[in-house]
Amino acid sequence: MYQMIAQLDAGSKMPEHRHPQEQIVHVLQGRMRLIVDGKPHELSTGNSFYLASNVPHGVETIDAARVLDTFSPPREEYLAIDEANRQRV
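Just so we're clear, the structure is a prediction, and the values are computed from it rather than from any experiment.

1. Observations regarding the side chain of His57
Part 1 of the reasoning: Within the secondary structure, His57 is located in strand β7 (residues 57-61).
Part 2 of the reasoning: A distance of 3.4 Å separates the side chain of His57 from the side chain of His19, its partner in a polar contact.
Part 3 of the reasoning: In this structure the side chain of His57 is engaged in a polar contact, spanning 2.8 Å, whose partner is the backbone oxygen of Val55.

Here it is in structure tokens:
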């Protein structure tokens, strides 16, 4: 598994995408609209949502939000970013 915290600005959008990893989105703070397979789900502080592998989804942030994302298995592109950041230190 891989976990990351994302800080999302109010009014930001992430276009629809999909990935082979399963994902759990947990809202630590704020409000967002998670659009899953075309259906909107409003999430706020304390809410979680499970996304199965390859399900199309996107995000519209209502209020600034802090989100804990968990992926299984890890996303290789995020591991590569982490490794590049470690090399800079």
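Resuming the write-up.
2. Side note on the environment of Lys39
Part 1 of the reasoning: By the secondary structure assignment, Lys39 is in strand β5 (residues 39-44).
Part 2 of the reasoning: Along the backbone, Lys39 and Glu77 are 38 residues apart, and their C-alpha atoms lie at a distance of 27 Å.

3. Description of the pairing of strand β2 (residues 13-17)
Part 1 of the reasoning: The element β2 is barely covered by neighbouring structure, given that only zero of its five residues are classed as buried.
Part 2 of the reasoning: Bridge count for β2 against β7 is three bridges, and the pairing is antiparallel. Pairing of His17 across the sheet is with His57, part of β7.

4. Regarding the sheet that holds β7
Part 1 of the reasoning: In space, the four strands of this open sheet follow the order β2-β7-β4-β5, with antiparallel pairing throughout. The open sheet is flanked by β2 and β5, the only strands paired with a single partner. With strand direction ignored, the average angle separating the axes of adjacent strands in the sheet is 20°.
Part 2 of the reasoning: Note that strand β4 (residues 31-36) and β7 share five bridges and pair antiparallel. When the bridges of β7 are listed, Met32 appears paired with Thr61.

Basis of the calculations
Residues numbered from 1 in each chain as written. Predicted model: local features only at pLDDT ≥ 70, side-chain atom pairs only at ≥ 80, totals over all residues. Heavy atoms only, no water. Helix = DSSP H or I, 4+ residues; strand = E, 2+ residues; numbered from the N terminus. Polar contact = N/O pair within 3.5 Å; in protein donor to acceptor, adjacent residues only side chain to side chain. Buried < 20%, exposed > 50% of the residue type's maximum accessible area, 1.4 Å probe, protein only. Pairing = 2+ DSSP bridges. Axes fitted to C-alpha atoms, helices over the stretch in contact; angles between N-to-C directions.

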